[in-house]
Amino acid sequence: MAIVHKFEMNGMKMVLDANSGAFHIVDGLTYRILDYYKKMPVYDIVKALSKEYDKNDIIDACSELKELENDGLLYTEDKYKDIVLKNNQQSYIKAMCLNISHDCNLRCKYCFASKGDYRGKRELMPESVGKAAIDFIIKNSGPRKNLEIDLFGGEPLMNFNVVKSVVSYGKSLEKKFNKSIRFTITTNATLLNDEIIDFLDKNMVNIVLSIDGRKNINDAVRVRVDGSGTYDDILPKIKKMVSRRSKGKQYYVRGTFTSQNLDFYNDVMELANSGFKEISIEPVVLPEDDPLSLKRENLGIIFKQYEKIANEILRRNKEGNGFKFYHFAIDINGGPCIYKRVSGCGAGFEYIAVTPNGDIYPCHQFVGNEKYKMGTVFDGIKNKNIGVEFKKGHIYNKPKCMDCWAKFYCSGGCQANNYNFNGNILEPYAIGCELQKKRIECALMIKAAQQELV
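Throughout what follows, the structure given in this document is the object of discussion. Every chain's residues receive numbers from 1 upward, in the order its sequence appears when written. Local features in this predicted model are restricted to residues whose pLDDT is 70 or higher, and side-chain atom pairs enter the listing and the counts only when it is 80 or higher, whereas totals over whole chains, interfaces and linings include all residues. With hydrogens and water set aside, each side-chain value is computed from the structure's full complement of heavy atoms.

1. Re the pairing of strand S2 (residues 12–17)
Of all six residues that make up S2, five are buried, and the element is covered over most of its length. By this definition, two strands are paired if DSSP reports at least two bridges between them. Comment: elements are numbered from the N terminus, with helices defined as DSSP H or I runs of at least four residues and strands as E runs of at least two. As judged from the six bridges shared by strand S1 (residues 4–9) and S2, these two strands associate in the antiparallel manner. In the sheet register, Lys6 faces S2, and the bridge partner there is Val15. In textbook terms, the turn of a hairpin is the stretch between consecutive antiparallel strands, and for S1 and S2 this stretch comprises two residues, one of which, Asn10, has a positive phi near 55 degrees. Of the strand pairs in this sheet, S2 and strand S3 (residues 23–26) are connected by four bridges, and their pairing is antiparallel. Looking at the pairing, Val15 lines up with His24 of S3. Where S2 hands over to S3, the hairpin turn is made up of five residues, of which Gly21 adopts a positive phi near 85 degrees. Partly exposed describes any residue whose relative accessible area lies between the buried limit of under 20% and the exposed limit of over 50%, with all areas from a 1.4 Å probe on protein chains only and scaled to the type maximum.

Structure follows, in structure tokens:
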């Protein structure tokens, strides 16, 4: 099915051919013609628009659209469906979320992990489990050389000795098994000190540092056990950590927006004005009855915030003081491989999460749901049906994705969000879909504006 999406933003009219990824900036006439182009012959299009536009201009614009169509840049058919549906290649684990800690020194009010304990007991991962997890991913990675392990929590730095041990153990096995292991970590930054900063800078390919933007916003939700805020403590620590990241070393300052800060553009600006160049502010995902949850009626306000961020990025880039916003960093030219674009993060068949006691789940957001326990790092994956279920959870098995223009950019949404809201990984989380589509439009607009400036 050919899918063409057109939209306006920042004074530009833009068209995306979903199946080819071809992207066009068009004039007002062409934009109008697209409402009729595949529904009626040129004669009738001329008749429909002749009161607004010159007849010859309409005919010429239709001819140009036909040329784009003939060149495979507009109204192309989906050439990937049969390839994906017939794919029976064996999957190998390439990434692991290692829950070093099921405990946290904060009690963030929107925490998906039940304030750090994942609806279970508070515990730290023993060194033996961490090493067994490393052995497991190496054993189950097959021919894949490049592996990624995200040290996660709770707060992983509460278990810093095991963090060091796991990293050291993983690196000691790289040459032996011809693997390259990229370690990343997500931290609330409260425990950062000179020793930890030095270790993380040397050993982590990427560091995600959590802060929610403005002080009043951060301190309303990112609180300690005693209810006190964290902003004044973590901001200088995050700045120090970021200052150590030389060129080529990644980091993100990552926040969350809720219904209480729908003006999250201001939180992004707070972080940008603090000197951070890699910024992410994520939409909270909570049950509808939670006072912090996002509602469908909030979408209009949220969309305007995304547009303001996109325009600010353009302005600052022009001035040479730009920053990157994670959700606009979308590869709109076709990469990576098509199967990645179709199937998403690979949860359950290429990516897994491991708990402190060694249990394996499809991802960190399924931890604690016994229905989705796959096995252990000691005994291997016993419930192989879960991996099969997730591998088949691609866009071609999601009916609502089939005719969506954004399907090759969102991959059918987060499987955990789909399950938590709809009880089915094949049923997309509706609000998440709308947010993602708007972010893609903003990413396309930025590209279009930058092209026009060249």
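Here the narrative resumes, following the displayed structure.
2. Remarks on the sheet that holds S1
Read from one edge to the other, the open sheet built from three strands follows the order S1-S2-S3, with strand pairing classed as antiparallel. Single-partner strands in this sheet number two, and they are S1 and S3. Ignoring strand direction, the axes of neighbouring strands in this sheet form an average angle of 25 degrees. Fitted lines through C-alpha atoms give the axes, limited to the stretch in contact for helices. The angle between two N-to-C directions lies from 0 to 180 degrees.

3. Digging into the sheet that holds strand S16 (residues 380–381)
Pairing is mixed in the open sheet, where 11 strands are placed in the order S12-S11-S10-S9-S8-S7-S4-S13-S14-S15-S16. The sheet is open, and its two borders are formed by strand S12 (324–325) and S16, each paired with just one other strand. As paired strands, strand S10 (residues 250–257) and strand S11 (residues 278–283) are joined by five bridges and run parallel to one another. Along S11, the bridge assignment pairs Thr256 with Glu282. Sitting on the sheet, helix H9 (residues 231–243) touches strand S9 (206–210) and S10, and the angle it makes with S9 is about 165 degrees. Any two residues having at least one pair of non-hydrogen atoms within 4.5 Å are treated as being in contact.

4. Points about the nonpolar core
Joining through side-chain atoms within 4.5 Å is the link that ties buried Ala, Val, Leu, Ile, Met, Phe, Trp, Tyr and Cys residues into a set, and such a set is a nonpolar core. Grouped together as the largest cluster of nonpolar side chains are 120 residues, with contacts concentrated most on Leu98, Leu151, Leu200, Tyr306 and Phe328. With 10 residues, the top contributor of residues to this core is helix H16 (residues 430–453). Residues Leu29, Tyr31, Leu34 and Cys62 belong to the second largest nonpolar core, which totals 16 residues.

5. Things to note about the packing of aromatic side chains
The aromatic pairing rule takes the rings of Phe, Tyr and Trp, using the six-membered ring of Trp, and pairs them if the centres are within 6.5 Å, calling planes under 30 degrees apart stacked, those over 60 edge-to-face and the rest tilted. Under the criterion given, the structure shown has 16 aromatic pairs. Both rings, one in Phe112 and one in Tyr118, keep their centres 5.9 Å apart while their planes meet at 85 degrees; by these two values the pair is edge-to-face. Residue Tyr118 is classed as buried on the basis of its relative accessible area, which comes to 3%. Taken together, the ring pairs connect Phe257, Phe264, Tyr306, Phe325 and Phe328 into an aromatic cluster. Whether a charge sits over a ring comes down to the Lys NZ or Arg CZ being within 6 Å of the ring centre and within 35 degrees of the ring normal. One cation-aromatic arrangement involves Lys6 over Tyr31; the distance from NZ or CZ to the ring centre is 3.9 Å. Looking at Lys38, its charged tip hangs above the ring of Tyr75, at a distance of 5.1 Å from the centre.

6. Considering the pattern of salt bridges
Basic side-chain nitrogens of Lys or Arg form a salt bridge, by our definition, when they fall within 4 Å of a carboxyl oxygen of Asp or Glu. Considering all chains together, one arrives at 32 salt bridges under this definition. Note that Asp194 and Lys240 form a salt bridge whose closest N and O atoms lie 2.5 Å from each other. With Asp194 in helix H7 (residues 194–203) and Lys240 in helix H9, this residue pair connects regions lying 46 residues apart in the sequence. For Lys240, a relative accessible area of 40% corresponds to the partly exposed category. Across the pair Lys438 and Glu441 runs a salt bridge whose closest N-O atoms are separated by 3.9 Å.

7. With respect to the layout of surface pockets
Cavity: a set of points on a 1 Å grid over the protein atoms alone where a 1.4 Å probe fits but cannot get out. Pocket: an open set with protein on both sides within 12 Å along at least five of seven lines, its lining residues, like those of a cavity, having an atom within 4 Å of a point. Grid points are joined across faces, edges and corners, and a volume is the space filled by probe spheres set on the points. Size it by volume and the second largest pocket reaches roughly 520 Å³. Surrounding the second largest pocket, 22 residues form its lining, Ser91, Ile93, Asn140, Ile381 and Lys384 being those nearest its centre. For the lining of the second largest pocket, the secondary structure elements donating two or more residues are helix H5 (127–139), S16 and helix H13 (384–391). Split into classes, the residues belonging to the lining of the second largest pocket amount to 10 nonpolar, seven polar and five charged. Classes in brief: Ala, Val, Leu, Ile, Met, Phe, Trp, Tyr, Cys and Pro nonpolar; Asp, Glu, Lys and Arg charged; the others, Gly included, polar.

8. Here's the deal with the environment of Asn203
Topologically, Asn203 is positioned in helix H7. Sequence separation between Asn203 and Ile281 is 78 residues; the distance between their C-alpha atoms is 25 Å. Beyond its immediate chain neighbours, meaning those up to four positions away, Asn203 contacts Val167, Lys171 and Phe183. Any pair of N or O atoms that falls within 3.5 Å is considered a polar contact. Within protein, one atom must be able to donate a hydrogen and the other to accept it, and sequence-neighbouring residues count only if both atoms are side-chain atoms. In terms of polar contacts, Asn203 uses its side chain to reach the backbone carbonyl oxygen of Phe199, at 2.9 Å.

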